[in-house]
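Topology and contacts: notes
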Amino acid sequence: MKGMTTALRTCPLCEAVCGLTLTLDAENLVTTVKGDRDDPFSKGFICPKGASFGKLDEDPDRLTVPMIREGENWREATWDEAFARVREGLGAVIAEHTRKSLAIYLGNPSAHSVAGALYSVPLIRALGTRNVFSASTADQMPKHVSSGLLFGDPLAVPVPDLDRTDYLLMLGANPLESNGSLCTAPDFPGRLKAIRKRGGKFVVVDPRRTRTAGLADEHIFIRPGSDAYLLFAIVHTLFAENLYTVDVDANGLDDIRIASAPFGPAAVAERTGIDADVIVRIARELAAAPTAAVYGRIGTCTAEFGTLAQWLVDVINVLTGNLDSRGGAMFANPAAPAPKRSRPFSVGRWTSRVRELPEAMGELPVATLADEIETPGEGQVKALVTVAGNPVLSAPSGSRLDSAFASLDFMVSVDRYLNETTRHADVILPPPPSLQSGHYDFALLGFAVRNYARYSPPVVPLGDRPSEAEILATLAVIASGQDADPAFLDELIISDALRKAVATPGLPVTGRNPDELRAELQGANGMELRLDMMVRLGPFGEWTGHTQALSLQKLLDNPHGIDLGPLEPRLHERLITASGKVELAPKPLLEDVERLRAGLAEAPAEVVLIGRRQLRSNNSWMHNVSALVGGSNKCTLLINPADAERLGLDGSAIIKSAAGELVVPLEPTDTIMPGVVSLPHGWGHKDSTQSVAAAHAGVNANILTDDSLVDALSGNAVFNGVPVTLTPVAVG
Ligand SMILES: Nc1nc2c(c(=O)[nH]1)N[C@H]1C(S)=C(S)[C@@H](COP(=O)(O)OP(=O)(O)OC[C@H]3O[C@@H](n4cnc5c(=O)[nH]c(N)nc54)[C@H](O)[C@@H]3O)O[C@H]1N2
Ligand SMILES: Nc1nc2c(c(=O)[nH]1)N[C@H]1C(S)=C(S)[C@@H](COP(=O)(O)OP(=O)(O)OC[C@H]3O[C@@H](n4cnc5c(=O)[nH]c(N)nc54)[C@H](O)[C@@H]3O)O[C@H]1N2
Ligand code: SF4
Ligand SMILES: [Mo]
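Reference entry: report on the structure contained in this document. Residue indices follow the written sequence of each chain, beginning from 1 at its first position. The lettering of chains begins at A and the numbering of ligands begins at 1, in the order of writing. Local features in this predicted model are restricted to residues of pLDDT 70 or higher, and side-chain atom pairs are both shown and tallied only at a pLDDT of 80 or more, whereas totals for entire chains, interfaces and linings draw on every residue. As a rule here, side-chain values cover all heavy atoms of the structure and leave hydrogens and water aside.

As a matter of local geometry, ligand 1 sits amid 27 residues, with Asn108, Ser394, Asp415, Glu468 and Ser620 nearest to it. What qualifies as a polar contact is a pair of N or O atoms within 3.5 Å, subject to a donor-acceptor requirement within protein and to the restriction that residues adjacent in sequence count only when both atoms come from side chains. Asn390 has a polar backbone atom sitting 2.9 Å from an oxygen atom of ligand 1. At a separation of 2.8 Å, a nitrogen atom of ligand 1 approaches a polar side-chain atom of Asn702. For ligand 1, whose unbound accessible area comes to 910 Å², protein coverage reaches 95%. Here the term charged refers only to Asp, Glu, Lys and Arg, the term nonpolar to Ala, Val, Leu, Ile, Met, Phe, Trp, Tyr, Cys and Pro, and the term polar to all other amino acids, Gly among them. Its residues assigned to classes, the shell around ligand 1 shows 12 nonpolar, 10 polar and five charged. Being near a molecule or strand, for a residue, means having at least one of its heavy atoms within 4 Å of it. Every accessible area reported is derived by Shrake-Rupley at a probe size of 1.4 Å, with residue values counting cover from the shown protein chains alone.

Right, here's the structure in full:
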């Protein structure tokens, strides 16, 4: 049609990184969204969220200009004015309370954006504070801690080799709704179906018979929070029946055997709700399968023994001979990798001020952010920067954070919306729509089930407003107290990286002149120059002599993306432990086993709460598009009909935890196991200025979750297995 153009984009909305083909009209409004059939990774797959890409970009409630709050009122502001207000606000807090009183919270979309990937670290450094919080400690931090201790690198997260495995044991994940996490795999559903089609087996462990479980050969109900027990019992069985084969260089095999002794299948049966003979059978099947992978995700992370569970997942992958081998659990080889660590990971290098919770990867647990704001004393948080986060709805004890944020001296938020969290800010700086932003999945391609690269340049010019990368770079410059051009930051980072690369022995660029290399770089802005540098230096890069010869230009010449082949064994490249071996039984993990053992004897609560994800939601921020709300996308409490009857509940109920209380509509279903109820998070839009979201408000599940509970090793929030009581709503 006349005036229509086509644009190719990577969908930035979840971890599946699908290619999209968009049609735009003469005003650059999106008229159709389809899956990009020529994308070698996603091959045309698309979900309802991807199909709403245009609606999300064009949402009339999305902020387009900076907002400044004056008391209760908001007004639009120019970028200069907004940044000046930030300079003033942060400056005043630093002058009065020092940098120790600054804090930052980075939310989930910053793991997807170029801005988050490339500019968060400079911003954190510029703030000069240890009060660094992110959604990672409400999510996958246990996996990072486990990988850090096992392999030396917290980012060395093995992913199931989905397309080649003969046996997949999946715990606490529901990729039919989530489309996958820490396992980047477009068309996850199709890849799961293919396992069975090629004669393999797929087993799901979940307190709920999810849509994913519906696709599996076998679904096993498990008591929430007890995955570490099940996994230990599998380890126990592998030893007891002499079914293990370790074919990577590893320390600590005997320690694991000894540690697993108390956790025999019969000993854990009651705690897990799984019969001992089922556990033994699963262990035997894992050992007997030609190739197998164990994959545990959010249900196993946001739990009391989150890090132990993540550890045991990979212990089983090692004991069954499946770590780093085809069809097992393997490491991706991203085309634009993060710089290699020089020292092995350790956890708890410092602790939080109030509760003395451990640092992990330079972050403190979000479960203690409210403590840090509320508790007086030196280092009390007085100013907060939030980037792409909505912790009032996403962090535990959400209502406590809500009032804590109201008490801050200064807050600035980089966000698309005025919402439950950003309403407390003094200044909101909106990122441009996705169509005006470049996109490359720096973080997610490090967990991909196939090596792949794709860059989407902006489709619509930015005009005279900053990109999100420039917003963060400007905040970094302001926070550091300087007055430089933010582009200077990119040049500094590039020259630093090039100088390091030429000084590293054994690289094809070793000994070259960094200025010459800099002159070869191309790109329309600092972000593109950095991408060009990273892919050129990366394993498939032009500067490393690989036949793919990747560069920004090559990415631009291949807008559907570039397939870089199946995963290859590369443990030797990823390992950076002091011993040079896999550390199967690191001390901090072994020490935490005592806590697990003590828990074995504890009587479980009568009813516990878990979460769930919904296909057409994304945490808290996609409820303002009509096509995505309503129907099955509702905020209801799933409850087993037998529980509803026993407790005399009908219609709705009062649900109470140690942290709070809500009234929730009930959705009785036998797909959830007795004694377990499920409420999705991200709802509860009561104070929202987003009209559609406000009309589908729901309730905030994180009023019930309790920030006093954390996974001891990683400080991660506990969302699953929260004890609750249910009572009828009084009539009258
Ligand atoms: N009870 C319970 N709570 C949970 C979970 C659970 O399973 N159960 N899951 C947890 C998990 S895994 C996560 S990751 C967290 C998520 O926690 P958060 O990241 O804090 O929450 P989101 O809802 O993802 O918030 C995203 C924010 O970013 C804004 N945004 C969207 N796109 C962009 C962008 O491109 N740039 C910028 N600057 N802003 C943008 C949105 O408007 C929104 O305000 O929630 C956690 N909370
Ligand atoms: N549509 C949609 N997609 C999303 C998101 C979204 O909000 N909506 N969020 C994105 C984010 S931030 C993330 S981190 C990923 C997460 O992706 P997934 O890890 O796939 O997350 P969920 O779909 O919540 O699946 C978790 C499953 O764990 C189960 N579970 C709960 N407690 C336990 C337990 O103790 N043990 C076991 N074995 N299972 C348990 C739940 O019943 C649920 O089925 O999804 C991403 N994709
Ligand atoms: S699965 Fe994820 S990446 Fe793919 S279209 Fe849907 S939201 Fe986008
Ligand atoms: Mo997440």
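That covers the picture; the talk isn't over yet.
Let us now look at the environment of Val145. Only DSSP runs of H or I with at least four residues qualify as helices, and only runs of E with at least two residues qualify as strands; both kinds are numbered from the N terminus onward. Secondary-structure assignment places Val145 in helix H5 (residues 141-151). Between the C-alpha atom of Val145 and that of Thr386, which follows or precedes it by 241 residues, the distance is 24 Å. Beyond its immediate stretch of four places on either side in the chain, Val145 contacts Thr307, Phe345, Val347, Ala360 and Ser714. Here, residues are in contact when the closest pair of their heavy atoms is within 4.5 Å.

Our focus in this paragraph is the packing of helix H4 (residues 114-127) against helix H18 (residues 468-479). The axes used here are C-alpha line fits, helices contributing only the stretch in contact, and every angle between their N-to-C directions lies in the interval 0 to 180 degrees. Running from amino to carboxyl end, H4 crosses H18 at an angle of 10°, the nearest separation of the two axes being 8 Å. On the basis of their axis angle, the class for H4 and H18 is roughly parallel. Facing Ala115, Gly116, Tyr119, Pro122, Leu123, Ala126 and Leu127 of H4, the residues of H18 in contact are Glu468, Ala469, Leu472, Ala473, Leu475, Ala476 and Ala479. Looking at side-chain class alone, the contact of H4 with H18 contains 12 nonpolar, one polar and one charged residues. Angle categories: roughly parallel below 35 degrees, roughly antiparallel above 145, roughly perpendicular from 65 to 115, and oblique for all the rest.

Let us look at the packing of aromatic side chains. Pairing of aromatic side chains here covers Phe, Tyr and the six-membered ring of Trp, requires ring centres within 6.5 Å, and sorts the geometry by plane angle: under 30 degrees stacked, over 60 edge-to-face, intermediate tilted. On inspection of all chains with the given rule, the structure shows 10 aromatic pairs. Here Tyr440 and Phe442 contribute two aromatic rings whose centre-to-centre distance is 4.9 Å and whose plane-to-plane angle is 55°, an arrangement assigned as tilted. Its relative accessible area of 11% is what places Phe442 among the buried residues. Within the aromatic cluster, the residues linked to one another by ring pairs are Tyr229, Phe232, Phe263, Phe305 and Trp311. Note that Arg130 overlies the ring of Trp350, its terminal NZ or CZ placed 4.0 Å from the centroid. Charge over a ring is defined by NZ of Lys or CZ of Arg lying within 6 Å of the ring centre and within 35 degrees of the ring normal. Between Arg530 and the ring centre of Tyr119, over which it is positioned, the NZ or CZ distance is 4.9 Å. Summary of the burial criterion: residues with accessible area below 20% of their type's maximum are buried, those above 50% are exposed, and those between are partly exposed, where the area comes from a 1.4 Å probe applied to protein chains only.

The full set of residues close to ligand 3 is Cys11, Leu13, Cys14, Ala16, Val17, Cys18, Phe45, Cys47, Lys49, Gly50 and Asn179. Across the shell around ligand 3, the residue classes tally to eight nonpolar, two polar and one charged.

Take the pattern of salt bridges next. When a carboxyl oxygen of Asp or Glu is within 4 Å of a side-chain nitrogen of Lys or Arg, the pair counts as a salt bridge. One pass over the structure, following the stated rule, counts 45 salt bridges. For Arg536, the salt bridge identified is with Glu520, shortest N-O distance 3.7 Å. Taken as a pair, Arg536 in helix H21 (residues 526-537) and Glu520 in helix H20 (residues 514-520) lie far apart in primary sequence, 16 residues in all. With a relative accessible area of 5%, Arg536 lands in the buried category.

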